[in-house]
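A closer look at the structure
What follows is each chain in one-letter form.
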Amino acid sequence: NALDLPFMAGLRNLRNLLECGACKALDKVINMLKDEKTVLRSKQFPFRFFSAYREISKTYVYEVPIEYKQEVLRALEIALFLSIKNLPKLDGKTAIIVDTSGSMCSPISENSVVEYIDISTLMGAISQYISDESLVVAFATTAKIVELSRDSGIIQNMAKIRSTYVGSGTYVEEALKLLEKNDYVPDRILLFSDMQVYSQSGTDTARKSIS
């Protein structure tokens, strides 16, 4: 019975439910995604909700009104937000460095459509949200500061980080130089990368700059 779908099964079958027009089952899944206790009890990582969000975004619906698709997307965004509510806050200053280089646009496994850049930008957006004060930097060949707002939402901030053009190289020291240029002395540095990072003057320099 579709109405008896548990949380994870409902999440995995959202696309099928939309495509076949199973409105009653969809309503149940939407309500589960909006319920804080249910989301936290599911112990799903935030990227699971983003992965479902991206899949639904690409889905064409014929059996239900387009507004239903938008309601599902909104519920997934709410679930993603709820899934990070129990994360501890980061006090002080946090430098958030996100790798958006070419190598990041590869799937995290042979069986996944999730790419490294999805994880890095998601973690960057989440880190910004839970930080007292932060400076977000996207880097590749060059580095740029990305201005994010908590009011924009996690998914919108992910897209903003990803769309910041910095080339396709992997020069992590450019991000560190940018921190120094802006006199930003953080209490911590969070680096989200596949660690295929190099310096324009050699790999060892890049590794030293990270350490």
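Keep in mind it's a predicted model, so treat the numbers as computed, not measured.

**Describing the pattern of salt bridges**
Evaluated as defined, the whole model comprises nine salt bridges. Of the charged contacts in the structure, one is a salt bridge between Arg15 and Glu55, with a shortest N-O distance of 2.4 Å. Here Arg15, found in helix H2 (residues 14-20), pairs with Glu55, found in helix H5 (residues 46-57); they are 40 residues apart in sequence, far enough to count as distant. Under the relative-accessibility criterion, Arg15 is labelled partly exposed at 36%. Between Glu174 and Lys177 there is a salt bridge, with its nearest N and O atoms 3.6 Å apart. Placement of the pair is Glu174 and Lys177 together in helix H9 (residues 173-181), with a separation of three residues, close to one helical turn. Taken together, the shared-partner salt bridges in this structure form one network comprising Arg54, Glu115, Asp118 and Arg162.

**Section: the environment of Leu73**
Within the element layout of this structure, Leu73 appears in helix H6 (residues 66-82). Using a relative accessible area of 8% as the deciding quantity, one classes Leu73 as buried. A sequence separation of 19 residues divides Leu73 from Arg54, and the C-alpha atoms of the two residues are 8.8 Å apart.

**Digging into the packing of aromatic side chains**
Overall, the coordinates contain three aromatic pairs when judged by the stated rule. Here Phe7 and Phe49 contribute two aromatic rings whose centre-to-centre distance is 6.2 Å and whose plane-to-plane angle is 75 degrees, an arrangement assigned as edge-to-face. Of the two residues, Phe7 is situated in helix H1 (residues 7-12) and Phe49 in helix H5; the sequence distance between them amounts to 42 residues. Arranged with centres 6.2 Å apart and planes meeting at 5 degrees, the rings of Phe45 and Phe47 form a pair that is stacked. The class of Phe45 is exposed, set by a relative accessible area of 55%.

**Details of the packing of helix H3 (residues 23-34) against H6**
It is the contact of H3 with H6, at a shortest axis distance of 8 Å, that shows an interaxial angle of 25 degrees. When the interaxial angle is binned, H3 and H6 end up roughly parallel. The element H3 and its partner H6 pack so that their crossing is left-handed. Contacts between H3 and H6 involve Cys23, Leu26, Asp27, Ile30, Leu33 and Lys34 on the former and, on the latter, Tyr68, Glu71, Val72, Ala75, Leu76, Ile78, Ala79 and Leu82. A per-class count over the contact of H3 with H6 returns 11 nonpolar, no polar and three charged.

The rules we used
- Residues numbered from 1 in each chain as written.
- Predicted model: local features only at pLDDT ≥ 70, side-chain atom pairs only at ≥ 80, totals over all residues.
- Heavy atoms only, no water.
- Salt bridge = Lys/Arg side-chain N within 4 Å of Asp/Glu carboxyl O.
- Helix = DSSP H or I, 4+ residues; strand = E, 2+ residues; numbered from the N terminus.
- Buried < 20%, exposed > 50% of the residue type's maximum accessible area, 1.4 Å probe, protein only.
- Phe/Tyr/Trp six-rings, centres within 6.5 Å; stacked < 30°, edge-to-face > 60°.
- Axes fitted to C-alpha atoms, helices over the stretch in contact; angles between N-to-C directions.
- Parallel < 35°, antiparallel > 145°, perpendicular 65-115°, else oblique.
- Left-handed = near helix turned anticlockwise from the far one by under 90°.
- Contact = heavy atoms within 4.5 Å.
- Nonpolar A, V, L, I, M, F, W, Y, C, P; charged D, E, K, R; others polar.

On their own, these measurements won't tell you what the molecule is for.
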